[in-house]
Amino acid sequence: MKLSYRPINLPFEYPFTISNGRTKTHQPSLLVALELGPFMGFGEAPAIAYYDVTVESMIADLEKHRRMIEKFALTEPERYWHYLHHLIPNNPFLVCALDMACWDLFGKMKGKPLFELMQTQWNDTPVTDYTIGIDTIDKMVDKMKAKPWPIYKIKLGTENDISIIEALRQHTDAVFRVDANAGWTTTEALDKIPRLSNLGVEFIEQPLAKDNWDGMKLLYKESPLPLFADESCVSEQDVKKCVDHFHGINIKLTKCSGITPAIRMIQEARTLGLQVMMGSMNESEVGSAAIAHFLPQLDRVDMDGPLLLAQSIATGLTYDHGKVTVSGKPGLGIQFL
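Quick notes on the rules
Residues numbered from 1 in each chain as written. Predicted model: local features only at pLDDT ≥ 70, side-chain atom pairs only at ≥ 80, totals over all residues. Heavy atoms only, no water. Helix = DSSP H or I, 4+ residues; strand = E, 2+ residues; numbered from the N terminus. Rg over C-alpha atoms; globule rule 2.2 N^0.38 Å. Buried < 20%, exposed > 50% of the residue type's maximum accessible area, 1.4 Å probe, protein only. Axes fitted to C-alpha atoms, helices over the stretch in contact; angles between N-to-C directions. Parallel < 35°, antiparallel > 145°, perpendicular 65-115°, else oblique. Contact = heavy atoms within 4.5 Å. Pairing = 2+ DSSP bridges. Lys, Arg positive; Asp, Glu negative; His and termini not counted. Salt bridge = Lys/Arg side-chain N within 4 Å of Asp/Glu carboxyl O. Polar contact = N/O pair within 3.5 Å; in protein donor to acceptor, adjacent residues only side chain to side chain. Phe/Tyr/Trp six-rings, centres within 6.5 Å; stacked < 30°, edge-to-face > 60°. Lys NZ or Arg CZ within 6 Å of the ring centre and 35° of its normal.

Q: Tell me what's going on with the overall build of the protein chain, and back it up with residues and numbers.
A: If you tally the helices and strands in the protein chain, you get twelve helices and 15 strands. Against the 2.2 N^0.38 benchmark of 20 Å for 337 residues, the protein chain shows a C-alpha radius of gyration of 19 Å, consistent with a compact globule. Its C-alpha atoms give the protein chain principal-axis dimensions of roughly 60 × 40 × 40 Å. Taken over 337 residues, the protein chain has a buried fraction of 57%.

Q: Tell me what's going on with the packing of helix H3 (residues 92-110) against helix H10 (residues 259-272), and back it up with residues and numbers.
A: Following both chains from N to C, one finds H3 and H10 inclined at 90°, their axes separated by 8 Å at the closest point. Accordingly, the angle class assigned to the pair H3 and H10 is roughly perpendicular. Facing Asp99, Met100 and Trp103 of H3, the residues of H10 in contact are Ile259, Thr260 and Ile263.

Q: An account of the sheet that holds strand S3 (residues 39-46) is requested, with residue identities and associated values reported.
A: Pairing in this open sheet of three strands is antiparallel, and the strands run S1-S2-S3 from one edge to the other. With partners counted over all chains shown, the strands left at the sheet margins are strand S1 (2-17) and S3, one partner each. Sheet twist, expressed as the mean angle between neighbouring strand axes with direction ignored, is 25°. Pairing between strand S2 (residues 23-36) and S3: eight bridges, direction antiparallel. Within S3, the residue paired with glutamate 35 across the bridge is methionine 40. On top of the sheet, H3 reaches S1, S2 and S3; it is set at about 155° to S3, its chief contact.

Q: Talk me through the pairing of strand S13 (residues 317-320); I want residue IDs and the actual numbers.
A: Side chains Leu317 and Tyr319 of S13 all project onto a buried face; the interleaved residues Thr318 and Asp320 project onto a face where none is buried. Note: S13 against strand S14 (residues 323-326), four bridges, orientation antiparallel. Bridge assignment links threonine 318 to a residue of S14, and that residue is threonine 325. Count of turn residues in the S13/S14 antiparallel hairpin: two residues, of which histidine 321 carries a positive phi of about 50°.

Q: Lay out the side chain of glutamate 44 with the relevant residues and their values.
A: Topologically, glutamate 44 is positioned in strand S3. At 9.5 Å, arginine 6 is the nearest oppositely charged side chain to glutamate 44, a buried residue that forms no salt bridge. Here the side chain of glutamate 44 touches serine 29 through a polar contact of 3.3 Å, side chain to side chain. A distance of 2.8 Å separates a polar side-chain atom of glutamate 44 from the backbone nitrogen of glycine 287.

Q: Would you mind going over unusual backbone geometry in detail, with residue names and values included?
A: Excluding glycine, a negative phi dihedral is what most residues carry, and trans is how most peptide bonds are arranged. We note that aspartate 52 has phi near 60°; this positive angle belongs to a residue other than glycine. A positive phi angle, close to 40°, is found at glutamine 206, a residue other than glycine. Judged by relative accessible area, which is 0%, glutamine 206 ranks as buried.

Q: Which residues make up the pattern of salt bridges, and what values go with them?
A: Side chains that carry opposite charge are capable of pairing whenever their charged atoms lie near each other. Under the defined criterion, the tally for this structure stands at 18 salt bridges. Among the ionic pairs, aspartate 299 bridges to arginine 270, the shortest N-O distance being 2.8 Å. Placement of the pair is aspartate 299 in the loop between helix H11 (285-292) and strand S11 (300-302) and arginine 270 in helix H10, with a sequence separation of 29 residues.

Q: Can you lay out the packing of aromatic side chains for me, pointing to particular residues and giving the numbers?
A: The full count for this structure, using the stated rule, is twelve aromatic pairs. With centroids separated by 5.4 Å and ring planes inclined at 15°, the aromatic side chains of phenylalanine 12 and phenylalanine 16 adopt a geometry described as stacked. Considered together, phenylalanine 12 and phenylalanine 16 belong to a single accessibility category, that of buried residues. Arranged with centres 6.0 Å apart and planes meeting at 45°, the rings of tyrosine 51 and phenylalanine 93 form a pair that is tilted. Residue tyrosine 51 is found in the loop between S3 and helix H1 (55-71), and its partner phenylalanine 93 is found in helix H3; the two are separated by 42 residues along the sequence. Ring-pair connections join several aromatic residues into one group, and the members of that group are Tyr50, Tyr51 and Phe93. One Lys or Arg, arginine 169, reaches over the ring of phenylalanine 176 and ends 3.9 Å from the middle of that ring. Of note, arginine 264 hangs over the ring of tryptophan 81, and the distance from its end group to the ring centre comes to 4.7 Å.

Below, the structure written as structure tokens:
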């Protein structure tokens, strides 16, 4: 195989703020490509400061391991993931991008889209939400009005959380999901969640710090709303920890290190009775296409990266008022603009 890559830095339509005051105006990412004969597969890994992941560190690892990455004799993506997992054990975001590119490449070689390779049928797919980042209440209302949508994911974790939802609720009957990004204490969560339930919120994502398992166990017993793990469920070994602490898990391809482990995480979650959501980390159409092919396996999805970014780089995904469709072409089914 032949490896190539390209860094990108796409602007957000609006500055994007979550709890703890972290604000971004652009999303840096690394696009990777694996070429084998006439076929080329693509993958993406966003750089996320919270996880200490930079484009530069991913490029450094690519160059360090280029020869080994390229020499692998591809037979199936699962074997390549295991190879990469041991080759680059401390960079799951990069492993994800390469794993994604391998699946795209493999799908093109087999002439099948990813969802068919995963032995699923394209039906009963959930609607994606649209994220409203933390801002002044007036600006959050304006963002919502500018994007009429059936489901909104509202970033919270401020002193004004209830006031924000009350204000937004005055302007729409859409479903609200709340993502606290680990921004609440146990006491705050016990107070806020019942009030949010009365305001028509569907579920709460990561209410407490990722390692506050005692707090989550209490919250799980008391919460009138379903609770989904995000920061508390990064990789495969975290799934079983979420039982009796969360009602579901939010899988991020980049954090768990790719499509291959995500398939196993979904299977384990189903066995353990956990609901399954898949989320994005502001990926472009490339990484978002990989998420889209999981839709037949998901209960809920948050894959609004291309909607939040001000610039498109590829075709192959269609968003119609929250309903997402893929092109049906082999692999990820994307084509660069």
